[in-house]
Structures are given as structure tokens and as C-alpha cells.
Amino acid sequence: QVQLVESGGGLVQAGGSLRLSCAASGRTFSSYAMGWFRQAPGKEREIIAAIVRSGSRTYYRDSVKGRFTISRDNAKNTVYLQMNSLKPEDTAVYYCAARRDTGVAISNADYDYWGQGTQVTVSA
């Protein structure tokens, strides 16, 4: 089992940047593929980005391509989401998730463990 703790959320003006971190407990972090999701009020949780175990392959939602970057440091048991050129529509609670498999997955149901979420608010 793995426990996930997100950090780095906050309030930022449009055009600004934030870097989210997700720290995982345990010594098997490198055996999990990871994903970042977000959920805005009144909307369903949606995939933002995902990364395979080794970090060699990634996936991005179309609306964040070129602005967000997912990365991981298996030595630090941490996955990151660098968010640049933020827009008000990026406002949401952001969650990291882990899945006990190697491939990239984009469905909520494909993930086994979830963090508690961190709020990102982008003002116009």
C-alpha cells in the first residue's frame, strides 16, 4: 500500500506558475505508474497528466499540453506537476494517484491509491 500527500497548491494570477509535489510513502514507489487529476466544482474528476514507472513516457490532457509538465524522482518517492501559463479555468482541486501497473492510464478507475488533494486557484 502507498500513501500520497500533495503539496504546492495556492492562489496565483493568470499567467503565473505553480509546482505541485506528491510525496509517496513506502519503498516501492518506482513500481507505480502515477497520474495527476483535477476536479473543479460541479464537474467530474479528470485526468491531467500521467507518467509510467520509469518516467520515460507521459500523457497530457489536450488542454494542458505545452503548459504542464509531469515528472518523477523515484529516489525521492515524489511526482511533480509543473504548471505554467495558468488560466482561471485551471482552478480546481488537484489530486495525485498511483496505480499498480506499468502503463499510462487516464481513467479514475485505473488508479488504486489517491492523495487528499490540493487546491489551485487562478485569478483573472
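Residues numbered from 1 in each chain as written. Predicted model: local features only at pLDDT ≥ 70, side-chain atom pairs only at ≥ 80, totals over all residues. Heavy atoms only, no water.

Colleague: Could you clarify how one ought to interpret the packing of aromatic side chains in this entry?
Modeller: Aromatic rings considered in pairs are described by the distance between their centres and by the relative angle of their planes. All told, the structure shown has four aromatic pairs when counted by the stated rule. Between Phe37 and Trp114, the ring centres sit 4.8 Å apart and the planes meet at 55°, which makes this aromatic pair tilted. Of the two residues, Phe37 sits in strand β4 (residues 33–39) while Trp114 sits in strand β10 (residues 113–114), which places them 77 residues apart along the sequence. Among the aromatic side chains, those forming a connected cluster through ring pairs are Phe37, Tyr111 and Trp114. Above the plane of the ring of Tyr95 lies Arg45, whose end atom (NZ or CZ) is 3.8 Å from the centre. (Phe/Tyr/Trp six-rings, centres within 6.5 Å; stacked < 30°, edge-to-face > 60°. Helix = DSSP H or I, 4+ residues; strand = E, 2+ residues; numbered from the N terminus. Lys NZ or Arg CZ within 6 Å of the ring centre and 35° of its normal.)

Colleague: Looking at this structure, I do not really get the sheet that holds strand β3 (residues 18–24). What am I missing?
Modeller: Strand-to-strand pairing in sheets goes through backbone hydrogen bonds, with the strands running parallel or antiparallel. Read from one edge of the open sheet, four strands run β1-β3-β8-β7, paired in antiparallel fashion. One side of each edge strand has no neighbouring strand; the edge strands of this open sheet are β1 (4–7) and β7 (68–73). Averaged over neighbouring strand pairs, the angle between their axes works out to 15° when direction is ignored. (Pairing = 2+ DSSP bridges. Axes fitted to C-alpha atoms, helices over the stretch in contact; angles between N-to-C directions.)

Colleague: How should the nonpolar core be read in this particular structure?
Modeller: One recurring pattern in soluble globular proteins: nonpolar side chains tend to sit buried together. Grouped together as the largest cluster of nonpolar side chains are 30 residues, with contacts concentrated most on Leu4, Met34, Trp36, Leu81, Met83 and Tyr94. Among the elements of the structure, β3, β4, β5 (46–51), β7, β8 (78–83), β9 (92–99) and β11 (118–123) are those that each provide at least two residues to this core. If you look at the next biggest cluster of nonpolar residues, it comprises six residues, including Phe37, Ile47, Ala50 and Tyr111. (Core = buried A, V, L, I, M, F, W, Y, C linked by side-chain atoms within 4.5 Å. Buried < 20%, exposed > 50% of the residue type's maximum accessible area, 1.4 Å probe, protein only.)

Colleague: Explain the environment of Met34 here, please?
Modeller: Within the fold, Met34 resides in strand β4. C-alpha separation for the pair Met34 and Gly55, spaced 21 residues apart in sequence, amounts to 9.3 Å. Among residues more than four places away in sequence, those in contact with Met34 are Leu4, Cys22, Phe29, Ala49, Ala50, Ile51, Ile70, Arg72, Val79, Ala97, Ala98 and Tyr111. (Contact = heavy atoms within 4.5 Å.)

Colleague: Please clarify how the pattern of salt bridges should be interpreted in this entry.
Modeller: It is possible for side chains bearing opposite charge to pair when their charged atoms get close. Applying the stated criterion across every chain, the model contains seven salt bridges. The salt bridge involving Arg38 is made with Glu46; its shortest N-O contact spans 2.9 Å. Ionic pairing is found between Asp101 and Arg99, a salt bridge with its closest N-O pair at 3.7 Å. A relative accessible area of 10% places Arg99 in the buried class. When salt bridges that share partners are traced, they join Arg38, Glu46, Arg61, Arg67 and Asp90 into one network. (Salt bridge = Lys/Arg side-chain N within 4 Å of Asp/Glu carboxyl O.)

Colleague: Quick question: what am I supposed to make of the side chain of Arg72 here?
Modeller: Mapped onto the secondary structure, Arg72 falls in strand β7. Despite its burial, Arg72 remains without a salt bridge, the nearest opposite charge being carried by Asp73 at 8.3 Å. Among the polar contacts made by the side chain of Arg72, one reaches the main-chain carbonyl oxygen of Tyr32 at a distance of 2.8 Å. Of note is the side chain of Arg72, whose polar atom sits 2.7 Å from the side chain of Asn74. Beyond its immediate sequence surroundings of up to four residues, Arg72 is in contact with Phe29, Ser30, Tyr32, Ala33, Met34, Ile51, Val52, Arg53, Gly55, Thr78 and Val79. (Lys, Arg positive; Asp, Glu negative; His and termini not counted. Polar contact = N/O pair within 3.5 Å; in protein donor to acceptor, adjacent residues only side chain to side chain.)

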